[in-house]
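Structure at a glance
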Amino acid sequence: MPLLHTHHIVDLYCWIDALTPAQEKQTIGRPQTLTDTETVTALVWGTITAQSKTMRGVYDHLRRYHAQDFPRFPAYTTFVRRAHECGERLFAVLSLLLSDTEAIRIMDSTMLPVCKLHRVDEHKTAKNIAQFGKNWQGWHYGFKLHASVSLDGRLSGIALTPANVYDAQAMVKILNTHCKLAVGDTLYGARVMGTIVRERFGTVIIAPPFPKQRKKIAAPWQIALLEWRSKIESVFDYLKEHMHLVSSFPRSVAGYMLHYLRILLSYQIMALCKER
């Protein structure tokens, strides 16, 4: 993580303001306490510096250390409402910052449980949207993050789905025509989806053989690329262990989406700043 100082919040504000279209001037109603750019800046800065599991933790950190940067800093309920209103802008900024022109990408998925398995019957927040999914760690109930990253760990493509969506089916969402080589585990070696991706994007999928395959020819450069798969695992580990991507605190599906968006955007900004 790059070394941050308090004044960098102004740099972040200017960067986000330059990336997004100007907010329409409010002509009726009570003036907003935070503009859209200020709200996105507050969410990202609070997520990066406080690394809190909850919106309350982000809010308390901003209130304590950055009240002078937001002269009309609102009450907590107003802050949460403004954060939800800026969900589309968060997504727009994240989309603009994705490293989606990378020719070589590593792809994988990770489970985002919304609760423990023994609490599934009591969990109503994501009912009928969250699903059961299974990986090498066992069964999970919730969502799944599909992602492709560059060789240095920047997010290149992302997709959020219920946990029961097969990994290979998400390749059309996390790859594009810029990607010429995509490296994944055995689940991405499915022939049908590989053909679809090759015809649609011109992308070649590199994946190890299935357990039942006795032989699969691979050139030395392909073997070298397969060894880079641990890079995306380290990205997922940082998102989940350090930035608390997995959570059961949101009280609505929109709350879950806001939680995931602010953390993914914050991670991407840190990854981009690390290059400088």
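For the structure given in this document, a descriptive report is provided here. Values in this document were obtained by computation on a predicted structure and should not be read as measured data.

Some points on the state of the cysteines
Enumeration over the complete set of coordinates arrives at 0 disulfides. The thiol sulfur of C14 is not disulfide-bonded, and the nearest other cysteine sulfur, from C273, lies at 13 Å. The partly exposed category is assigned to C14, whose relative accessible area is 45%. By relative accessible area, which is 29% here, C273 ends up partly exposed.

Quick look at the layout of surface pockets
Considering only enclosed or pocket space, the largest pocket measures out at about 820 Å³ in volume. What lines the largest pocket is a set of 31 residues, and nearest its centre among them are S109, T110, N135, W136 and Q137. Of all the elements in the fold, those that place two or more residues in the lining of the largest pocket are β1 (104-113), β2 (131-135), β3 (138-149) and α9 (230-242). Looking at side-chain class alone, the lining of the largest pocket contains 12 nonpolar, 9 polar and 10 charged residues.

Observations concerning the packing of aromatic side chains
This model, assessed by the stated rule, comprises 10 aromatic pairs. The interplanar angle of 35° and the centroid separation of 5.9 Å between the aromatic rings of F73 and F79 together place this pair among those described as tilted. F79 matches F73 in its accessibility class, with the two residues each being buried. An angle of 80° between the planes, with centres 6.2 Å apart, marks the rings of F143 and Y260 as edge-to-face.

What about helix α7 (residues 191-201)?
Within α7, the full set of buried residues consists of M193, G194, V197 and F201. Looking straight down α7, one finds its buried side chains confined to an arc of 105°; they lie on one side. Exposed residues on α7 whose side chains face more than 90 degrees from its buried face are R191, V192 and E199. Next to the buried residues of α7 lie α6 (171-174) and β6 (204-206). Two residues or fewer past α7, G202 is found with a positive phi of approximately 75°.

Observations concerning the packing of helix α1 (residues 8-19) against helix α2 (residues 36-50)
When two helices pack together, their arrangement is given by the angle between the helix axes and by the axis-to-axis distance. At a minimum axis separation of 9 Å, α1 and α2 run at an interaxial angle of 130°. When the interaxial angle is binned, α1 and α2 end up oblique. Where α1 crosses over α2, the two elements pack in a sense that is right-handed. Residues H8, I9, L12, Y13, I16 and D17 of α1 pack against T37, E38, V40, T41, V44 and W45 of α2. The class makeup of the residues in the contact of α1 with α2 is 7 nonpolar, 3 polar and 2 charged.

Looking at the pairing of β2
Alignment of β2 against β3, held across 5 bridges, turns out to be antiparallel. Following the sheet pairing, K134 is matched in β3 by W139. Hairpin connection, β2 to β3: the antiparallel pair is bridged by 2 residues.

Re the side chain of R154
The topology assignment puts R154 in the loop between β3 and β4 (155-162). We classify R154 as buried; its relative accessible area is 11%.

Regarding α9
In a regular helix each residue adds 1.5 Å, so 13 residues correspond to 18 Å; α9 covers 17 Å between its end C-alpha atoms and thus fits that length. Of the residues making up α9, those classed as buried are I232, V235, F236 and L239. The buried residues of α9 occupy an angular sector of 95° when the element is viewed end-on, so they sit on one face. Taken together, the buried residues of α9 touch β1, β3, β4 and α10 (253-274). H244 lies just past α9 and shows a positive phi near 60°.

What counts as what
Residues numbered from 1 in each chain as written. Predicted model: local features only at pLDDT ≥ 70, side-chain atom pairs only at ≥ 80, totals over all residues. Heavy atoms only, no water. Disulfide = S-S within 2.5 Å. Buried < 20%, exposed > 50% of the residue type's maximum accessible area, 1.4 Å probe, protein only. 1 Å grid on protein atoms, 1.4 Å probe; cavity = no way out; pocket = protein on both sides within 12 Å on 5 of 7 lines; lining within 4 Å. Points joined across faces, edges and corners; volume = space filled by probe spheres on them. Helix = DSSP H or I, 4+ residues; strand = E, 2+ residues; numbered from the N terminus. Nonpolar A, V, L, I, M, F, W, Y, C, P; charged D, E, K, R; others polar. Phe/Tyr/Trp six-rings, centres within 6.5 Å; stacked < 30°, edge-to-face > 60°. Arc of directions from axis to C-beta. Contact = heavy atoms within 4.5 Å. Axes fitted to C-alpha atoms, helices over the stretch in contact; angles between N-to-C directions. Parallel < 35°, antiparallel > 145°, perpendicular 65-115°, else oblique. Left-handed = near helix turned anticlockwise from the far one by under 90°. Pairing = 2+ DSSP bridges. Expected span 1.5 Å × (residues − 1).

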